[in-house]
Amino acid sequence: MSISIKTSNLVPLIVATAFFMENLDGTVITTALPQMAQTLGVNAVDMSVGITAYLITLAVFIPISGWLSDRLGAQTVFGSAVGIFTFASVLCALSQTVNQFMLARILQGIGGAMMVPVGRLIVLRTTSKSELVKTIALITWPGLVAPVIGPPLGGFLTTYFSWHWIFILNVPLGLLGIGLIRKYVSNDHQLEQRPLDFIGFIIIGGALAFTIIGVELIGSEGFSKSALGYSALGIACGIATWFHAKKHPHPLLDFSVLKVPTFSITFFSGSFTRVLIGATPFLAPLMFQIAFGYSAFMSGLLFLAAMLGNIGLKPLTPMLLKRFGFRNIMLVNGFIAAIAAMICGMLSPDTGVVGIILAMFIYGVSRSMQFTCIQTLAFVDIPPEKMSGANTLFSTIGQLAQGVGVGLGAAIIHITVMLRDGDINSPSAMDFRITFITVGALILISLWGYLKLKPDAGAAASKHQPRNLT
């Protein structure tokens, strides 16, 4: 099956914009919570339900996106997802109570859960192997940039306009996206109509929801009974998912794609790396505010340097991969990412703004390169008939990694504070230092998996020719 498009360069841009909308909404409201709480008549802490409901809904509904796309067509599902997301954004802006806002965020999460995996699937099915690196780099950067600019953008809109504009801005983007999707993406269907694995959907949803709730509770309560209980339920459901998929003729998550070496390595080692690198956007702004005494807006501005690093290396990515190959780049760049995390831990108020910006820039460069390599290499050797299943599995673990990354960072801080009998509400600079150094050390450990890659791994996409093979 193939999806024909009239302008091949435009489709990745459409998908990238949808990715940006989905990722931005996960973080943009963080700095607006106090003002939103005041408007809706609740405490600021109670507004966190809007973030949690969104992230859990994303995780639960991502696994079903591939099945819906195969059954209804990519254009129908992708366009409908953007429409649902846009409509839910309007409902968020019109909310008068916290319960209304939570329901609107759940609806928004359903739309977002369909946008990202189906959008990536469209790109994977319409991009040749030789162009995969550049195309994946294009659709990857929104997911890297959005969490960085989300908090300062939310703070700006809330301060100078109102929090409602955070959601209203999605409307013109969404309407434009729907029009472009209808015009440039065809609605081909999967020839084989697979029945829905409903039991698998329930078990997978439980695994993802319980795990995300567990790691969020670890971040807020430490290793409490409820946090450990939810985490244990998530792990149990995850194990049940594995055994269910092995027996079901048409599982919602197709683990057979793990037999492809490049996909398997990026699935396991790559996910571990993404968890660790993904902890920094949570830890760094927190350190700037709590340990350094900077304002929320100043912290956001300092972390914007990471966005410059994310974008700055994109034009050079294809050239570097052609010269050195996936294996060498992922090993060396992963080492740089580990050092960058440790450098973040060595920062202090005396470092100065220039030094902090430089550290954030290096982190952004290494994060961007590693994420692009992981998301490209994962699909290089996947046959067309397995692409939908591979994409669904990869998207599911990616969403889980995003949530676990924040929980892991918070858990390490809790442990360091607990060991020195400190106040968990006021972690010291030393607590953050130990946390960042621990994250850096774990990143180094995650690189072991990449050693299993062959020198010519992903050569169809990178065009790299190892010397011993030429």
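Residues numbered from 1 in each chain as written. Predicted model: local features only at pLDDT ≥ 70, side-chain atom pairs only at ≥ 80, totals over all residues. Heavy atoms only, no water.

A word on the overall build of the protein chain
When you go through the protein chain residue by residue, the secondary structure sums to 19 helices and zero strands. Against the globule reference of 23 Å for 470 residues, the protein chain gives a C-alpha radius of gyration of 21 Å, in line with a compact fold. Seen through its C-alpha atoms, the protein chain measures out along the principal axes to roughly 60 × 60 × 40 Å. Taking all 470 residues of the protein chain together, 55% fall into the buried category. Charge separation in the protein chain, taken as the distance between the mean sites of 27 positive and 18 negative side-chain charges, equals 10 Å. (Helix = DSSP H or I, 4+ residues; strand = E, 2+ residues; numbered from the N terminus. Rg over C-alpha atoms; globule rule 2.2 N^0.38 Å. Buried < 20%, exposed > 50% of the residue type's maximum accessible area, 1.4 Å probe, protein only. Lys, Arg positive; Asp, Glu negative; His and termini not counted. Charge placed at Lys NZ, Arg CZ, Asp CG, Glu CD.)

Quick look at helix 15 (residues 317–346)
Look at helix 15: only 29 Å from first C-alpha to last across 30 residues, short of the 44 Å you get at 1.5 Å a residue. Maximum bend of helix 15: about 105 degrees, positioned at Gly325. (Expected span 1.5 Å × (residues − 1). Bend = angle between axes of the 7 residues up to and from the residue.)

A short note on the packing of aromatic side chains
Using the criterion set out here, one finds 16 aromatic pairs in the structure. With centroids separated by 5.1 Å and ring planes inclined at 45 degrees, the aromatic side chains of Phe156 and Tyr160 adopt a geometry described as tilted. Here Tyr160 and Phe156 lie together in helix 7 (residues 132–160), a separation of four residues that amounts to about one turn. A relative accessible area of 59% places Tyr160 in the exposed class. Consider the rings of Trp163 and Phe167, whose centres lie 6.3 Å apart with planes at 85 degrees: the pair is edge-to-face. For Phe167, a relative accessible area of 0% gives the class buried. Of the aromatic side chains, those joined through ring pairs into one cluster are Phe263, Phe267, Phe268, Phe379 and Phe394. Geometry around Phe394 places Arg274 over its ring, the cationic atom sitting 4.6 Å from the centre. (Phe/Tyr/Trp six-rings, centres within 6.5 Å; stacked < 30°, edge-to-face > 60°. Lys NZ or Arg CZ within 6 Å of the ring centre and 35° of its normal.)

Some thoughts on the nonpolar core
One finds Phe78, Phe167 and Phe263 to be the most contacted residues of the largest nonpolar core, which totals 99 residues. Among the elements that line this core, the one with the most residues is helix 6 (residues 98–126), at 11 residues. Setting aside anything within four residues of it in sequence, one finds Phe263 in contact with Val257, Leu258, Ala378, Phe379, Ile382, Ala390, Leu393 and Phe394. (Core = buried A, V, L, I, M, F, W, Y, C linked by side-chain atoms within 4.5 Å. Contact = heavy atoms within 4.5 Å.)

Points about the confidence of the model for the protein chain
Where the model shows low pLDDT, its predicted coordinates should not be examined in detail. When pLDDT is averaged along the protein chain, the result is 84, and 91% of the positions lie at 70 or above. Mean pLDDT across the elements of the protein chain bottoms out in helix 14 (residues 296–312) (75) and peaks in helix 5 (residues 74–94) (93). Every residue in residues 1–7 is under pLDDT 50, and counting partners more than four places away or in other chains gives 23 contacts. (pLDDT = per-residue confidence, 0-100.)

Here's the deal with the environment of Lys225
Mapped onto the secondary structure, Lys225 falls in helix 11 (residues 225–247). Here the alpha-carbon distance between Lys225 and Gly214, two residues 11 residues apart in the chain, equals 10.0 Å.

Points about the layout of surface pockets
A volume near 780 Å³ is recorded for the second largest pocket. Around the second largest pocket sit 29 residues that line it, and Leu208, Thr211, Gly238, Ile397 and Leu400 are the ones nearest its centre. Broken down by element, the residue count for the lining of the second largest pocket peaks at eight residues, all from helix 17 (residues 387–419). Residue composition of the lining of the second largest pocket, by class: 21 nonpolar, eight polar and no charged. (1 Å grid on protein atoms, 1.4 Å probe; cavity = no way out; pocket = protein on both sides within 12 Å on 5 of 7 lines; lining within 4 Å. Points joined across faces, edges and corners; volume = space filled by probe spheres on them. Nonpolar A, V, L, I, M, F, W, Y, C, P; charged D, E, K, R; others polar.)

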